[in-house]
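# Structural overview
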Amino acid sequence: MVDPSPYMTIHKKLVAAVQTPDKYSSDWKAIAESLAKLVRDDGFHYLQGALPEQIRRKVSGAKSLAKAFRAAAKADGGLISKPSDNARSRALLLKTLAHLYFYETGGDRKLWILSTPSALTAHPIEFATDSDALVDQVLNASTEIFSDDQKRRIDAGVTTALRWIERAMIVAGDPGRPEHKALLKRWFIPATHANIDGAIATFAPALRRGLLKIAIGLKIGDLILLDDPAQRGTGSDWENSEAYTFTRNDLHAVWVEPGFWGNGNTLTGATNWARIIVHELSHNYCQTADHSYSWQGLLPRESDVFRRVNNARVAVQPGFAAVRTLTLDQCQNNADSWAFFCADAAGALTDRDRIAALGNKLYEDTGWTAAQRVERKLVTQ
């Protein structure tokens, strides 16, 4: 088992595999001439969003996908010579693009989902130097890692995430309104801070700029969602996670792993999928950190009973990870705090969702009953 690598390492191989149109079969000319426009150094270009579907239609009904892709890429070989690694790369490029899906909603949101065959333990392009027999197995593999329903749910999660972000930008853009101030204070400003209004006025513009970066990325087709074939079946922490991303030296890619579909987090279902996406995009576009997750607690506190409870627990169990309060700097740079703020700004959270995310475990340590937790209004502090 190996740790994931930035998607850029794979994408560079796809770019190198494109080559010139004359390297492809003449009956693939139209597709071959568009490959370089789709597969670019900075990702996949939305103006060529229809090309992967054209590739899928081109090989649809083929008795052997391997033969179809090899013929298209002039990678058949012959009686005397075997196809070169470059020819295999072209065939494997086409194979990869046959599992690439472009989603667009009214021109306002663009998304790529790469759903490679589930039987593989590496990206198709990584098999270019392997034996012809193994390459054929890769080219023939068909069942994808994401079902059609899962692809639709990912797409819906991104659409919801963008709606949340746009609502959160309105809140951050007008922080003086009482209801907006309450939201910003809830997730980003400790209740005992000496200058709450000043802290909000300082942070809100930076928050809005960060959210705008994410929104623009979702509108211009930057985002690629995929999984890491190398983690499949390993039982690794990576495979068991919900999602992850790389914040440096990479394209805007988010890995969606099996935990994404689970019910083990503070939120569940469609709301949690959107929360995960906002969380990861805040990492990717804004370099937020993971100081604490909602299952640990996201409560902004510099002092008071909750901070004292937290400090006492950590003093007894220094490695205990189930209770957290966050300082001003921590919560303002914390990915889950951004995600829950966006969800809250969009009206997607109940009081109990807020309590669970902010400090349900802290409530347990204070001895307050469930009724007291709601009555004492941690969620509006």
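Since the structure is predicted, the reported quantities are computational estimates derived from the model, not experimental observations.

## Here we look at the overall build of the protein chain
On a plain count of helices and strands, the protein chain comes out with 16 helices and nine strands. Projected onto the principal axes, the alpha-carbon positions of the protein chain cover approximately 80 × 40 × 30 Å. Buried residues in the protein chain amount to 52% of all 381 residues. Within the protein chain, residue pairs in contact and separated by at least 24 positions form 73% of the contacts whose partners lie at least 6 positions apart. Put simply, the protein chain shows about 16500 Å² of open surface, and 50% of that area lies on carbon and sulfur atoms. Measuring between centres, the 46 positive side-chain charges of the protein chain sit 2 Å from its 43 negative side-chain charges.

## Details of the nonpolar core
If you look at the biggest cluster of nonpolar residues, it comprises 61 residues, and the most contacted ones within it are Ile165, Trp187, Phe188, Leu207, Leu211 and Phe341. In this structure, phenylalanine 341 is in contact with Ala168, Val171, Leu183, Leu184, Trp187, Phe188, Leu207 and Leu211, ignoring residues within four places of it in sequence. Counting 49 residues, the second largest nonpolar core, distinct from the first, contains Ala68, Ala91, Leu94 and Leu97.

## Looking at unusual backbone geometry
Of note in this structure, lysine 74 is not a glycine but carries a positive phi near 50°. With respect to the helices and strands, lysine 74 occurs in the loop between helix 4 (65-72) and helix 5 (85-97). Positioned with a positive phi, glutamine 287 is a non-glycine residue whose angle comes to about 55°. On the secondary structure map, glutamine 287 appears in the loop between helix 11 (269-286) and strand 8 (299-300). When its relative accessible area of 38% is taken as the criterion, glutamine 287 is described as partly exposed.

## Thoughts on the environment of leucine 225
Position of leucine 225 among the secondary structure elements: in strand 5 (residues 224-226). Overall, leucine 225 belongs to the buried group, its relative accessible area being 1%. Not counting residues up to four positions away in its chain, the partners in contact with leucine 225 are Leu111, Trp112, Ile113, Leu114, Ile154, Val158, Val254 and Val256.

## Re the sheet that holds strand 6 (residues 243-245)
An order of 3-4-5-7-6 is seen for the five strands of this open sheet, with the pairing classed as mixed. Whereas interior strands pair on both sides, the edge strands pair on one side only; in this sheet they are strand 3 (100-105) and strand 6. Pairwise comparison of adjacent strand axes, ignoring direction, gives a mean angle of 25° for this sheet. Two elements, strand 3 and strand 4 (residues 109-114), share six bridges in a ladder whose sense is antiparallel. If you follow tyrosine 101 over to strand 4, its bridge partner there is isoleucine 113.

## Remarks on the pairing of strand 7 (residues 253-256)
Both faces of strand 7 are covered, namely the face carrying Ala253 and Trp255 and the face carrying Val254 and Val256. The sheet contact formed by strand 5 and strand 7 spans three bridges and is parallel. Bridged to leucine 226 within strand 7 is tryptophan 255. Direction of pairing for strand 6 relative to strand 7: antiparallel, over a ladder of three bridges. For threonine 245, the partnering residue across the bridge sits in strand 7 and is valine 254.

## Comments concerning the side chain of threonine 116
Take threonine 116: it is sitting in the loop between strand 4 and helix 6 (132-140). Here threonine 116 falls in the buried class, since its relative accessible area comes to 1%. Ignoring anything within four residues of it in the chain, the contact list for threonine 116 reads His99, Pro124, Thr143, Glu144, Ile145, Asp227, Pro229 and Arg232.

## What about helix 14 (residues 335-345)?
Along an α-helix, residues three or four positions apart point the same way, because every turn accommodates 3.6 residues. Of all 11 residues that make up helix 14, 11 are buried, and the element is covered over most of its length. Taken together, the buried positions of helix 14 are occupied by Ala335, Asp336, Ser337, Trp338, Ala339, Phe340, Phe341, Cys342, Ala343, Asp344 and Ala345.

## Comments concerning the environment of isoleucine 220
Relative to the helices and strands, isoleucine 220 resides in the loop between helix 9 (196-219) and strand 5. Each C-alpha atom, one on isoleucine 220 and one on aspartate 174, is 26 Å from the other, the two residues being 46 residues apart in sequence. In contact with isoleucine 220, other than residues within four places in its own chain, are Tyr46 and Lys110.

## Observations concerning the pairing of strand 4
Of all six residues that make up strand 4, six are buried, and the element is covered over most of its length. On strand 4, burial covers both faces: Arg109, Leu111 and Ile113 on one face and Lys110, Trp112 and Leu114 on the other are all buried. Across two bridges, strand 4 lies against strand 5 in parallel orientation. The partner of isoleucine 113 across the bridge, within strand 5, is leucine 225.

About the cut-offs
- Residues numbered from 1 in each chain as written.
- Predicted model: local features only at pLDDT ≥ 70, side-chain atom pairs only at ≥ 80, totals over all residues.
- Heavy atoms only, no water.
- Helix = DSSP H or I, 4+ residues; strand = E, 2+ residues; numbered from the N terminus.
- Buried < 20%, exposed > 50% of the residue type's maximum accessible area, 1.4 Å probe, protein only.
- Contact = heavy atoms within 4.5 Å.
- Areas by Shrake-Rupley, 256 points an atom, 1.4 Å probe, with all protein chains shown as cover.
- Lys, Arg positive; Asp, Glu negative; His and termini not counted.
- Charge placed at Lys NZ, Arg CZ, Asp CG, Glu CD.
- Core = buried A, V, L, I, M, F, W, Y, C linked by side-chain atoms within 4.5 Å.
- Pairing = 2+ DSSP bridges.
- Axes fitted to C-alpha atoms, helices over the stretch in contact; angles between N-to-C directions.

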